[in-house]
Amino acid sequence: MLHPLACRKLRQVLRELSMSTRFSTLTAAGALLLSAALLAGCGGGGGGSSESHDTAQGANTGAGEATGGEGQNRDERAQVVGGVQSPQYELYNVSPTADGLGIVVSPPLMKANGAAVARLEELPEGIANSAWMRKGEGRLPLRVILKNGQYQLSQPWTWTAAHSGRADSPVIIEAESKGGVVISGARRMVVSRAVHGGVSPVQLDLSASGLSAFDQLWVNGRRATRARSPNVGSFYFVKGTVSSWPGDAAVATSPVDRQAFVSEPAALNLLSGLSTAERGAAVLVAAHSWTTSHHRVVATNAGNEILVSPVSRWAFLRKGAHQRYFIENVPTALDAPGEWYFHPVTRRLTYLPTLAERSEDVVLDVPAISTLLEVRGNAATGQWAEYIVFSGLTFRHAGYTLPAAGLIDQQAAVDVGASILLRSARHVAINHCEVSRVGGYAIWLRDNVRHSVVQNCEVYDTGAGGIRIGLANQPASETATGHNTVRSNRIHAIGFQFPGAVGVWLGQTANNTVEENLIGDTTYTGISVGWTWGYGPSPSHSNQINRNFLYDIMQGSLSDGGAIYTLGTSPGTEIKGNVIRGVQAFNNYGVGGWGIYNDEGSSRILVDGNIVLNSDHGGYMLHYGQDNTVSNNVFAGGRVAELQVGRVESGLQARLLNNRLFPSVSSFLSFTAGTGTPALTFGGNKVARQYVALQTLPELCGSGCQIVDGLLISAASKLDVPIITESGSPITF
């Protein structure tokens, strides 16, 4: 029998697959495999589940706790609020107008000026002005049901302290049926088959539309590619460094090797003949090991050299000889079906339909706003936006526009915003929602967000990452972001514009829980915790990263990352019971990828009971840190040593206890040569003999490692939870 967690996760994946056709990474064969795993290992089928699905977080968040299963109807789920069963509520029904631009509220809600609420953006004002808001103790919860349909926003849907609920009477904004309500920030344009005639390209004059420059476009529900060269899947390579750029005094203010490089001639040919406006709108995207930088092109010369701005954070070719780049948003790159280009002067949009689209209507969604939902209070004055629940809603088409000066990302796309933003908010729940087709991150619990939850949601097709908690710089305080939960979400297909972005990112924040999420198909790290490099003060601590399933991490896109990644001293932080399958770095520029990666200064962290399979550079990496405990884990199938230490330091760096190791190379332990011996202690570790011809163990292990027979691991598919047996008996984690 499989571990109960494995059964729960398999049921969840199969249930989601049966409910939707969006999960392109899960095939019909995969569904059969999951069903077979449930029947064989869990003693039951995969179609149903007795697992509960929350519509609000529960007593620890104050937003409510739901107790029903997937079969529980909407009325029953919505009645569970404030931690108690509420048989009654005040109810409003909201229906979209035929064009999606307006709404009709029943019974009517009025604005402060006496006019009826007529747009979704006006709904919070109507609630603030309602008789319900003026009621005192004993007030019933307020339930607002959005009827199925599309709702178009022209500005962010903003909820403040004035629109908030209370612990005994939250505001619940709920879809009539899950997935039936789409809240969009796009301007939609339809070009019928009769108009475009199956002829490529499709062209639209947007000069009178009011739309400014935009960096994303969705066509028939698919993210279209902004004209780029080389086309998707190929890159140019930096051919050499540049030490001087004569005649430009501005270049001398920063190292030239961070501003210029020797280009491939084809890239320069792409830029020749462009007008000043066309060239000014061009974007050169360079990969730097673990992130990317987005530059404007300043100049070129006859030596195939190219000068860019802003100045890169790192010198070109700093990490090796195979640095990649491409150029986008130039008309000369518009050459492949599925690509588009928006001219900065004529404001004409040109799209090259795919073969299938030539025989059908072409529906184009152009994002017009960058934020779809904002929940915003003022913690400094004690005016919190609070006790608000959003359930069953689909949010789509928020844009991100690159700044005119370009953007240099340090790591994790931390300077990119999100389509759903919480600030000075507490006891807010985002449940059973979908966030997709957006230009930045999906959801950000930003500054002063506490006791809030994102759960049972799906996030995919994002320009940056999935869910963010906290800030890169926020000192610890009573109001600082913390005590939040990210639970049972599916996050996949992220990083289309900023591949260095992360599935779930926790910055300088404490006491958060990230558990039971399914995270895969990423271009960089799956979960990142902490934001202090080295041993300096860090307000990040006591974060729980438990029982998540991570698969297909990095996928050869970038390097120097991991499925779960940490930074800085973080006492009380635990990484427990996670399953990781497949971490593949881009190994020609920078360092590789690991299952669990304790990076610079990671200290006082517990890594316990995790299973890591097929990570590029091994199961566990400690760059440097102190007083970590790595226990009861399974590390298997790494193409380099399963246990690695990057920098040797004095003081106890890590305890390695009771781990099972399945090395595929001649040694399962490695550390930086020539720097001494790492300060590690070993105890109770077991190494499978049959996976490598081990005759001796590293001397450092002492008696703390043992080569054993009969230690086996079995897992056929990337979504299987591995089965570990020792002498024929399953090992429970």
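Just so you know, the residues in each chain are numbered from 1, in the order the chain's sequence is written. Totals for whole chains, interfaces and linings use every residue, but because this is a predicted model, local features are given only for residues with pLDDT of at least 70 and side-chain atom pairs only at 80 or more, for both listing and counting. With hydrogens and water stripped out, all remaining heavy atoms of the structure feed into the side-chain values.

**Q** Can you help me understand the overall build of the protein chain in this one?
**A** Helices and strands together make up the secondary structure of the protein chain, namely 7 helices and 66 strands. Here the protein chain has roughly 26,100 Å² of accessible surface; of this, 51% comes from carbon and sulfur atoms. Put simply, DSSP marks the helices as runs of H or I at least four residues long and the strands as runs of E at least two long, and each gets a number from the N terminus on. Note on areas: Shrake-Rupley with a 1.4 Å probe; residue coverage comes only from the protein chains shown.

**Q** Would you explain the pattern of salt bridges in this entry?
**A** Opposite charge on two side chains makes pairing possible when the charged atoms of those side chains draw close. Whenever Lys or Arg places a side-chain nitrogen within 4 Å of a carboxyl oxygen from Asp or Glu, that contact is recorded as a salt bridge. Counted under the stated rule, the structure contains 23 salt bridges. Between Lys135 and Glu90 there is a salt bridge, and its shortest N-O distance comes to 2.3 Å. Here Glu90 lies in strand β5 (residues 90-96) and Lys135 lies in the loop between α4 (123-128) and β7 (142-146), a separation of 45 residues in the sequence. Here Arg639 and Asp616 are joined by a salt bridge, their closest N and O atoms 3.2 Å apart. You can see Arg639 sitting in the loop between β56 (634-636) and β57 (643-645) and its partner Asp616 sitting in the loop between β53 (611-615) and β54 (620-622), a full 23 residues away along the chain. Residue classification places Asp616 among the buried positions, given a relative accessible area of 3%. We call a residue buried when its accessible area falls under 20% of the maximum for its residue type, exposed when it is over 50%, and partly exposed in between, using a 1.4 Å probe and counting protein chains only.

**Q** Please clarify how the state of the cysteines should be interpreted in this entry.
**A** Formally, a disulfide is one covalent bond, and it connects the sulfur atom of one cysteine to the sulfur atom of another. When two cysteine sulfur atoms lie within 2.5 Å, the pair is treated as a disulfide. Per the stated rule, a full pass over the model turns up 1 disulfide. Here Cys701 engages in a disulfide with Cys705; their sulfurs sit 2.2 Å apart. Between Cys701 and Cys705 the sulfur-sulfur dihedral comes to about -60°; the bridge is accordingly left-handed. Left unpaired, Cys433 is separated from the closest cysteine sulfur, that of Cys457, by 4.8 Å.

**Q** Can you help me understand the environment of Asp335 in this one?
**A** Inspection of the secondary structure assignment puts Asp335 in the loop between β24 (324-328) and β25 (339-342). Relative accessible area serves as the criterion here: at 49%, Asp335 is assigned to the partly exposed category. Along the primary structure Asp335 and Leu352 are separated by 17 residues, whereas in three dimensions their C-alpha atoms are 7.9 Å apart. Those residues in contact with Asp335 that sit more than four places away from it in its chain are Asn231 and Leu352. Residue contacts follow a heavy-atom distance rule, with two residues in contact if any of their heavy atoms lie within 4.5 Å.

**Q** Help me understand the pairing of strand β62 (residues 685-688), please; the structure alone is not making it clear to me.
**A** Where a strand is regular, its side chains alternate between the two sheet faces. Sheet topology note: the strand β59 (residues 660-662)/β62 ladder contains 2 bridges and is parallel. When the sheet's bridge partners are listed, Leu661 is paired in β62 with Val687. Should DSSP find at least two bridges between two strands, the strands are regarded as paired. Here β62 runs beside strand β63 (residues 705-708); their pairing, made up of 4 bridges, is parallel. Residue pairing in the sheet places Asn685 in a bridge with Cys705 of β63.

**Q** Please clarify how the side chain of Ser293 should be interpreted in this entry.
**A** Here Ser293 shows up in strand β22 (residues 291-300). Sequence-distant contacts of Ser293, defined by excluding residues within four places in its chain, comprise Leu284, Val285, Ala286, His288, Leu407 and Ile408.

**Q** Just to check I follow, could you spell out the pairing of strand β38 (residues 458-462) for this structure?
**A** Counting buried positions over the 5 residues of β38 gives 5, a clear majority of the element. Pairing geometry for strand β34 (residues 434-438) and β38, over 4 bridges, is parallel. Among the inter-strand pairings, Glu434 is bridged to a residue of β38, identified as Glu458. Across 2 bridges, β38 lies against strand β41 (residues 490-492) in parallel orientation. Among the inter-strand pairings, Glu458 is bridged to a residue of β41, identified as Arg490.

**Q** Looking at this structure, I do not really get unusual backbone geometry. What am I missing?
**A** Comment: phi is negative for the bulk of residues other than glycine, and the bulk of peptide bonds are trans. The omega torsion across Ser229 and Pro230 is -5°, close enough to zero to call that bond cis. If you trace the backbone, Pro230 turns up in the loop between β17 (228-229) and β18 (236-237). Residue Ser309 is joined to Pro310 through a cis peptide bond whose omega torsion reads 0°. You can see Pro310 is positioned in the loop between β23 (305-309) and β24. Its identity as a non-glycine residue notwithstanding, Gln555 has a phi of 55°, on the positive side. Following the sequence through the fold, Gln555 ends up in the loop between β47 (549-553) and β48 (561-566). Gln555 gets classed as partly exposed once you look at its relative accessible area, which sits at 40%.

**Q** Explanation requested: the nonpolar core in the structure shown.
**A** Most often, soluble globular proteins have nonpolar side chains that are buried together. Residues grouped as a nonpolar core are buried Ala, Val, Leu, Ile, Met, Phe, Trp, Tyr and Cys residues, joined through side-chain atoms within 4.5 Å. Ranked by internal contacts, the top residues of the largest apolar core, which has 120 residues, are Ile127, Leu146, Trp157, Trp159 and Leu393. With 21 residues, the next largest nonpolar core counts Tyr236, Leu270, Val308 and Val330 among its residues.

**Q** Help me understand the sheet that holds strand β14 (residues 218-219), please; the structure alone is not making it clear to me.
**A** Hydrogen bonds along the backbone pair up the strands of a sheet, which may run parallel or antiparallel. Taken in spatial order, the 4 strands of this open sheet run β12-β27-β14-β15, and their pairing is antiparallel. What marks the edges here is a single partner per strand, and that holds for β12 (186-191) and β15 (222-223). Pairing analysis gives 6 bridges linking β12 to strand β27 (residues 362-367), with the strands arranged antiparallel. Looking at the pairing, Val190 lines up with Val363 of β27.

So, to be careful, I would describe these as geometric facts and stop short of saying anything about function.
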